[in-house]
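As a plain string of letters, each chain reads:
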Amino acid sequence: MCRNTLQFLTADTVQEVLIFNSLPTNTRMNKDMKNVSHSFHMAEQILTEFDLHREELEELMHRLQQEMEKGLRLESHEDASVKMLPTYVRSTPDGSEVGDFLALDLGGTNFRVMLAKVGEDDHGRWKVDTNHQMYSIHEDIMTGTAEMLFDYIAECISDFLDRHSMKHKKLPLGFTFSFPVRHEDIDKGILLNWTKGFKASGAEGNNIVGLLRDAIKRRGDFEMDVVAMVNDTVATMISCYYEDHRCEVGMIVGTGCNACYMEEMENVELVEGEEGRMCINTEWGAFGDTGELEDFRLEYDRVVDENSLNPGQQLYEKIIGGKYLGELVRLVLLKLVNENLVFNGEASEMLKTRGSFETRFVSQIESDSGNMKQTYNILTGLGLSASEMDCRIVHMACERVTTRAARMCASGLAAVINRMRENRAEQTLIITVGIDGSVYKLHPSFKHKFHAAVRELTPRCDITFIQSEEGSGRGAALVSAVAYKMSFLIGQ
Ligand code: GLC
């Protein structure tokens, strides 16, 4: 349990403690409470930097909309921070193949291989049954060479096929690859740049499906027919689309943060054709990379960025994504230690170590009910001796960092949804957003704050949020099922 009141006195001088001890209990309590509320109040003051008011959110939304417009236009695309990448996923799927598909999901610290059976249920609706296996990706693979990374992926697929006795089958494969890709078609696209701590050399600027096919060939113990590559936002949108045909936006708030949506083809200048809609992977995580967030970024954001593998890139994502939230809190706590407002002004070695404050701790601390037991245990685990007031201040720090993230993220989604409403000139836009990601799903209050702020910023829009289950895999399988059918139609 947390230490009792006497232990969380500032107690800078022994003298003060001695005077305290000689005071009658009532007076002692009063002085004690005063010190405590002083630290809390001072910490609160420091944390007001994280507040984002409605007008600021509107300003962010407008800036993002400008970047989106720049990203879509041919003449300004190169200079836009938000790349608005066409995905070649179109609005009019005309049926799909049924059968077995293999889906791969690469984008975080785990790589997943999944067998998806696409079929129809008793009412003629599509259904996808899945069975998956998770493989962890070690840092040396993430930051080695592209050949190492794709050889490892091929090794995992081979292992999966062995486990399911399917080595002999040449299955159609859909690849959820959650990084910025400039597509030339649904099954062809070059990686623009790595994000989220990946850095494998020799991949940027190359066709990712080509790298995968080469690795499978090098291995030589199985064959695959790679039919589609999609971003995780797109897979999420597609997987929710089959439950709710109003789902035309996909979003991820996990390790990284990004969204896609259905844009009018006439606005997609990078692809020929004017008819219908195409899904655009916004890659909004890079918002701010050309200076649009400078007046919003705090000293902590700058340190997180400087210490990352991609300084100057993905600045919006570095405020919201799970890869960064824990580190932001750690830096805030160090600041509070420096100001002598927590832990008696002393940081443990562990707290001083980069990456030690994991994002899951943030969720756990904010889930802590009144007694702060969980918070105390986490802080003890980090070598800190925490008083009850320390626990409360840490809780407040986590809450401010994640509330800012939720509200920042809301201005992004509001930018997309308001744009869609204007595009479609509808009085009220009725729309569903499919969402996935650990921050959205596991944090106790992120989604509520996020929903509330989005609704505040999107008048005349009727939004339904649906949480996607297994979106990355199921979405990749469904896109492949459509693409597979299309390839037969085109081939006929
Ligand atoms: C990063 C990637 C993006 C992905 C997102 C969520 O922002 O660049 O492609 O969708 O993370 O995983």
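Here the structure is a predicted model, which means the values were calculated and not measured.

(A) Structural context of the sheet that holds strand β4 (residues 126-136). As summarised here, the arrangement of the five strands in space is β4-β3-β2-β5-β8, forming an open sheet in which the pairing is mixed. Pairing within the sheet leaves two strands with one partner each, and these edge strands are β4 and β8 (224-230). Pairwise comparison of adjacent strand axes, ignoring direction, gives a mean angle of 25° for this sheet. Here strand β5 (residues 171-177) runs beside β8; their pairing, made up of six bridges, is parallel. What sits directly across from P172, in β8, is D225. Sheet strands in contact with helix α5 (residues 146-163) are β2 (99-106), β3 (110-120), β4, β5 and β8, and its direction is about 120° off that of β4. Across the sheet, helix α6 (residues 208-219) touches β2, β5 and β8, and the angle it forms with β8 is around 155°.

(B) Here's a closer look at the confidence of the model for the protein chain. Residues of the protein chain with pLDDT of at least 70 account for 90%, and the chain-wide mean is 90. Overall, residues 1-29 carries pLDDT values under 50, and its contacts beyond four positions in sequence, including any with other chains, amount to 41 contacts.

(C) Spotlight on the sheet that holds strand β1 (residues 85-90). What the six strands build is an open sheet, ordered β1-β11-β10-β9-β12-β13; its pairing is mixed. If you trace the sheet from one side to the other, it starts and ends with β1 and β13 (461-467), each paired once. Direction aside, the axes of adjacent strands within the sheet are offset by 25° on average. When strand β12 (residues 429-436) meets β13, the two strands line up parallel, connected through seven bridges. Directly across from I431, in β13, lies its bridge partner I463. Against the sheet, helix α13 (residues 388-424) makes contact with β9 (247-253), β10 (257-264), β11 (277-281), β12 and β13, and its axis sits at roughly 0° relative to β10, the strand it touches most.

(D) Local environment of the packing of aromatic side chains. Under the counting rule described, the total for this entry stands at 14 aromatic pairs. Aromatic side chains F287 and Y316 sit 5.5 Å apart centroid to centroid with 75° between the ring planes, which places their arrangement in the edge-to-face category. Of this pair, F287 sits in the loop between β11 and α8 (299-306) while Y316 sits in the loop between α8 and α9 (317-320), and the two are 29 residues apart along the sequence. By the burial criterion, F287 is buried, and Y316 matches it. Members of the aromatic cluster, joined through ring pairs, are F175, F177, F179, W194 and F198. Across the ring face of Y440, the terminal group of K447 is positioned such that the distance to the ring centre comes to 5.8 Å.

(E) Here's a closer look at the packing of helix α11 (residues 359-367) against helix α12 (residues 373-381). At a closest axis distance of 7 Å, the pairing of α11 and α12 adopts a crossing angle of 150°. Between α11 and α12, the angle falls in the class roughly antiparallel. The way α11 lies across α12 gives a crossing that is left-handed. In this structure, α11 uses F361, Q364 and I365 to contact α12, whose residues at the interface are Q374, T375 and I378.

(F) Inspection of the site of the ligand at higher detail. Within the structure, the ligand sits among 15 residues, and K196, N231, D232, E283 and E317 are positioned closest to it. N231 has a polar side-chain atom sitting 2.8 Å from an oxygen atom of the ligand. Between the ligand and N258 there is a distance of 3.0 Å, counted from an oxygen atom to a side-chain nitrogen or oxygen. Compared with its free state, where it exposes 310 Å², the ligand has 98% of that area covered by protein. Of all the secondary-structure elements, those providing two or more residues to the shell around the ligand are α7 (232-241) and β10. Looking at the shell around the ligand residue by residue, the class counts come to four nonpolar, seven polar and four charged.

(G) Structural view of the side chain of D305. Looking at the secondary structure, you find D305 in helix α8. Relative accessible area serves as the criterion here: at 8%, D305 is assigned to the buried category. Side chain to side chain, D305 and K318 meet in a polar contact 2.8 Å long. Sequence-distant contacts of D305, defined by excluding residues within four places in its chain, comprise R297, N310, P311, G312, Q313, L315 and K318.

(H) View of the environment of V227. Looking at the secondary structure, you find V227 in strand β8. Given a relative accessible area of 10%, V227 falls into the buried group. With sequence-adjacent residues up to four places away left out, V227 is seen in contact with P172, L173, I186, D187, S480, A483 and Y484.

(I) A look at the pattern of salt bridges. Across all of its chains, the model carries 39 salt bridges by this definition. One salt bridge in this structure joins R219 and D221, with 3.2 Å as the shortest N-O distance. Residue D221 is classed as partly exposed on the basis of its relative accessible area, which comes to 31%. Linked by salt bridges that have partners in common, E69, R73, E263, E269 and R419 make up one network.

(J) How the structure looks around α5. When the terminal C-alpha atoms of α5 are compared, their 26 Å separation across 18 residues agrees well with the 26 Å that a helix rising 1.5 Å per residue should span. Of the residues making up α5, those classed as buried are A146, L149, F150, Y152, I153, A154, C156, I157, S158, F160 and L161. Just past α5, the residue S165 takes up positive phi, approximately 45°.

(K) Geometry of the pairing of β2. For β2, the buried fraction is high: seven of the eight residues fall into the buried class. In this sheet, β3 lies alongside β2 in antiparallel orientation, the contact comprising eight bridges. Among the inter-strand pairings, D105 is bridged to a residue of β3, identified as R112. What sits between the antiparallel neighbours β2 and β3 is a turn of three residues.

(L) Quick look at unusual backbone geometry. Backbone geometry places N340, a non-glycine residue, at a positive phi of 60°. Its place among the elements puts N340 in the loop between α10 (322-338) and α11. Exposure remark for N340: the relative accessible area of 26% places this residue in the partly exposed category. Positive phi values are uncommon outside glycine, yet E470 reaches one of about 55°.

Rules and cut-offs
- Residues numbered from 1 in each chain as written.
- Predicted model: local features only at pLDDT ≥ 70, side-chain atom pairs only at ≥ 80, totals over all residues.
- Heavy atoms only, no water.
- Pairing = 2+ DSSP bridges.
- Helix = DSSP H or I, 4+ residues; strand = E, 2+ residues; numbered from the N terminus.
- Axes fitted to C-alpha atoms, helices over the stretch in contact; angles between N-to-C directions.
- Contact = heavy atoms within 4.5 Å.
- pLDDT = per-residue confidence, 0-100.
- Phe/Tyr/Trp six-rings, centres within 6.5 Å; stacked < 30°, edge-to-face > 60°.
- Buried < 20%, exposed > 50% of the residue type's maximum accessible area, 1.4 Å probe, protein only.
- Lys NZ or Arg CZ within 6 Å of the ring centre and 35° of its normal.
- Parallel < 35°, antiparallel > 145°, perpendicular 65-115°, else oblique.
- Left-handed = near helix turned anticlockwise from the far one by under 90°.
- Near = heavy atom within 4 Å.
- Polar contact = N/O pair within 3.5 Å; in protein donor to acceptor, adjacent residues only side chain to side chain.
- Areas by Shrake-Rupley, 256 points an atom, 1.4 Å probe, with all protein chains shown as cover.
- Nonpolar A, V, L, I, M, F, W, Y, C, P; charged D, E, K, R; others polar.
- Salt bridge = Lys/Arg side-chain N within 4 Å of Asp/Glu carboxyl O.
- Expected span 1.5 Å × (residues − 1).

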